[in-house]
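Below, each chain spelled out in residue letters.
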Amino acid sequence: MGMTLTEKILARHAGLERVEPGQIINANVDLVLANELSAAVAIGVMRGIKGADRVFDRSRIALVEDHFVPAKDAQSAKLAKLMKDFAIEQEIVHFFDVGRGGIEHVVLPEEGLVAPGELIVGGDSHTCTYGAFGAFATGMGSTDIAAAFVLGEVWLKVPASIKLVYNGKLGPMVYAKDLMLRTVGELGIDGATYRAIEYHGTTVDELSITGRITMANMAIEAGAKNGIFHADAKTIAFVKERTNRDFAVDRADHDAVYERVVTIDAGSLEPQVACPHTPDNVHPISEVAADNVSVDQVFVGSCTNGYIEDLRIVAKILDGKKIASNVRVIVNPGSQKVWMQAAQEGVLTTLAAAGCVVNTPGCGACFGGHMGTLGDGERAISTTNRNYVGRMGSPKSEVFLASPATCAASALSGRITDPRVLELAGV
Amino acid sequence: MEARLSGKAHKYGKNVDTDVIIPGKYCNIIDPVELGKHALEGLDPEYTRKMKTGDVIVAETNFGCGSSREVAPIAIKGSGTSAVIAKSFARIFYRNALNIGLPIFESEAAVDGITDGDEIELEPATGKIVNRTKGQTYQAAEFPPFMRSLIDAGGLVPYVEKRLAESKK
Ligand code: SF4
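Residues numbered from 1 in each chain as written. Chains lettered and ligands numbered in written order. Predicted model: local features only at pLDDT ≥ 70, side-chain atom pairs only at ≥ 80, totals over all residues. Heavy atoms only, no water.

*Asks:* Just give me the short version of helix α6 (residues 176-187) of chain A, but keep the residues and values in it.
*Replies:* All names here are of chain A. Given a rise of 1.5 Å per residue, twelve residues ought to cover 16 Å, and the 16 Å separating the end C-alpha atoms of α6 matches this to within 8%. Most of α6 sits inside the fold, with ten of its twelve residues counted as buried. Looking one or two places after α6, you find Gly 188, whose phi comes out positive at around 85 degrees. (Helix = DSSP H or I, 4+ residues; strand = E, 2+ residues; numbered from the N terminus. Expected span 1.5 Å × (residues − 1). Buried < 20%, exposed > 50% of the residue type's maximum accessible area, 1.4 Å probe, protein only.)

*Asks:* I'd love a proper account of the site of the ligand, names of residues and values included.
*Replies:* All names here are of chain A. Around the ligand lies a shell of 13 residues, among which His 126, Cys 303, Cys 363, Cys 366 and Asn 385 are the nearest. Where the shell around the ligand is concerned, the elements lending two or more residues are α4 (104-110) and α11 (302-305). In terms of residue class, the shell around the ligand is built from five nonpolar, five polar and three charged. Among the domains, domain 1 (5-264) and domain 2 (273-424) are the pair contributing at least three residues each to the shell around the ligand. (Near = heavy atom within 4 Å. Nonpolar A, V, L, I, M, F, W, Y, C, P; charged D, E, K, R; others polar. Domains from an automatic or database assignment.)

*Asks:* Describe the sheet that holds strand β4 (residues 94-96) of chain A, with residues and values.
*Replies:* Residues and elements named next belong to chain A. Strand order in the open sheet made by the five strands is β4-β3-β2-β5-β6, with parallel pairing throughout. In this open sheet, the two edge strands, each paired with only one partner strand, are β4 and β6 (136-139). Mean inter-strand twist for the sheet, computed between neighbouring axes without regard to direction, equals 15 degrees. Alignment of strand β2 (residues 31-35) against strand β3 (residues 61-64), held across four bridges, turns out to be parallel. Bridge pairing links Asn 35 to Val 64 in β3. (Pairing = 2+ DSSP bridges. Axes fitted to C-alpha atoms, helices over the stretch in contact; angles between N-to-C directions.)

*Asks:* Give me the nonpolar core: which residues, what numbers.
*Replies:* Membership of the largest hydrophobic core comes to 192 residues, with the highest contact counts inside it found for Phe 149, Met 215 and Leu 318 of chain A together with Phe 63 and Phe 93 of chain B. The element best represented in this core is helix α2 (residues 36-47) of chain A, accounting for eight residues. Mapping this core onto the domain boundaries places at least three of its residues in each of domain 1 (5-264) and domain 2 (273-424) of chain A. When neighbours within four sequence positions are excluded, Met 215 of chain A is seen to be in contact with Tyr 166, Ala 176, Leu 179, Met 180, Tyr 199, Val 204, Leu 207 and Phe 229 of chain A. (Core = buried A, V, L, I, M, F, W, Y, C linked by side-chain atoms within 4.5 Å. Contact = heavy atoms within 4.5 Å.)

*Asks:* Lay out the environment of Arg 60 of chain A in plain terms, naming residues and giving numbers.
*Replies:* Residue and element names in this part refer to chain A. Note on placement: Arg 60 falls in the loop between α2 and β3. When the C-alpha atoms of Arg 60 and Pro 419 are compared, they prove to be 42 Å apart, with 359 residues separating the residues in sequence. A polar contact is formed between the side chain of Arg 60 and the backbone oxygen of Asp 30, at a distance of 3.1 Å. (Polar contact = N/O pair within 3.5 Å; in protein donor to acceptor, adjacent residues only side chain to side chain.)

*Asks:* Tell me about the interface of chain B and chain A, and please be specific about residues and values.
*Replies:* On the chain A side, the residues contacting the 41 residues of chain B number 48 residues. Regarding the contact of chain B and chain A, the summed buried area is about 3,700 Å², with carbon and sulfur atoms giving 58% of it. It is Asn 28, Arg 91 and Arg 95 of chain B that lose the most area in chain B upon contact with chain A, and together they represent 21% of the buried surface on that side. There are four salt bridges connecting chain B and chain A. A salt bridge links Glu 153 of chain A to Arg 163 of chain B; the shortest N-O distance between them is 2.6 Å. (Buried area = accessible area lost by both parts, 1.4 Å probe. Salt bridge = Lys/Arg side-chain N within 4 Å of Asp/Glu carboxyl O.)

*Asks:* Before we move on, can you summarise the domain arrangement of chain A with the specific residues and values?
*Replies:* All names here are of chain A. Under the domain assignment used here, chain A contains domain 1 (5-264) and domain 2 (273-424). The centre of domain 1, based on its C-alpha atoms, is set 25 Å off from the matching centre of domain 2. Each partner contributes to the interface: domain 1 provides 40 residues, whereas domain 2 provides 41 residues. Carbon and sulfur atoms make up 63% of the surface buried where domain 1 meets domain 2, a total of about 3,200 Å² over both sides. Three residues stand out in domain 1 for area buried against domain 2, namely Ile 103, Met 173 and Lys 177, and they jointly supply 20% of the buried area on that side. The interface formed by domain 1 and domain 2 holds two salt bridges in total. For Glu 221, the salt bridge goes to Arg 386, with nearest N and O atoms at 2.7 Å. Counting across the domain 1 and domain 2 interface gives 20 residue pairs in polar contact (both at pLDDT 80 or more). Those elements that place two or more of their residues in the side of domain 1 that touches domain 2 are α4, α6 and α8 (209-217). The element best represented in the side of domain 1 that touches domain 2 is α6, accounting for six residues.

Structure (structure tokens):
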């Protein structure tokens, strides 16, 4: 019996010939990630572990300041400093302060810290993003991260895999985000709990690296432990441009065993929207737009859709126009590098001229942290990944999740709008 | 082994996510007691006012879905809540709860049998759940052997200490 992609990577990191779903293994990690929130708690735990004064390998830990930075208040500054001091003390090679980093999940691939076949754990649930590169990556809490800092290994239960097969060519104004929203809608927010998701099919073969990142990122929104793509020529080119280290490219066996196979027809898909208050409350845009839903805020950014490709889409739609008077548009480029590139290409100027505010790279409004928190009764449409009650601020606010194109179209009209209308109008 | 726990049940629905357990704006707090003041704030702003130390949160499926924030179980524990009973738990929350020592019980029968306000008594070591109001007893799902051994060892930290000691020999 063959193994899935996830099983192959886990077996190799556990030093085993093969693994089976349900098996508990001890696996070596290639990289351990934390941000200032998860690190603050993890560092506290590590200080309490007898005999643990050094991290296992100072070059295999990445620490990224991204959630409340530049510090929103003195308490946030304290956590940021705590992590920075730890980075200095432990001589951590990959420490990213503001101005050099951005959102952790945008930064790590950019810096060549993620490669196919690797095993990555992070103190953030969206660590599953790196499955876009054919790596096994999963989020954990701070105590597990502290253990990984010290031991360089983690215990894991091998997940059964769900195979998702996407066929067909995406229509105009339909993107990876729409595919993934549809997927979360099909599976439900606990539909893949304790499972691995393996993405297949001609549609995802055609996707850019950014598109795959968007999809792997939201595997957790279906409850999955990890979401993974096969590395192909595009992946290898991306990674080789950024690192010289060796990596293994695995493939699922032809006789791999999947718990379920779900097929999704991508060709007939229209843009999708996740309505309040769960990411699986997904409806086609035509249905949602028909209700004439006005919005107070449009947010473009996050580890799901804060990449240069995303900002270009928004800029193209807003170019030479003004956003509606009832709406504010907040853009957070995902990283310093994305910000720089957007500046060089004139994307930031286009956005600003249309009336958007461009924030510093980081998580910002995505989790209701700062720089765009929603008030009582406010409604937002956002390129982020979660819309639980209070996610972006007040428990009395509402968040709709959609692609950058749908968000841009909504920015122009001030209400949730089908971006294909723009296409027809020749925008 | 942990002592018996007891208190009143506070019953909620399915998919209680980490954003409502401890909203993002409080995630820059690390003190458990401070965090505890905001436990479940996004779901039930009255929770910390109406609960008493020892009380139990009872919920349907997929409790703790969403982010990996360990402050979610820390806030629940910090509020004085003694345990969470649910039909199922989200993966990261489950692990975090065990790691920080928040007792969790997985039982469909208990959740179906318990009404808001029932008096509950729990035995973490055996997974026994007693509903004193209704005179019923339920049995929570057993922990897989590896996790049981972690719990019995006192959590992940002592486990890491043991591993470190072994590697230095
Ligand atoms: S951008 Fe949002 S989802 Fe991504 S790491 Fe930051 S807070 Fe989490």
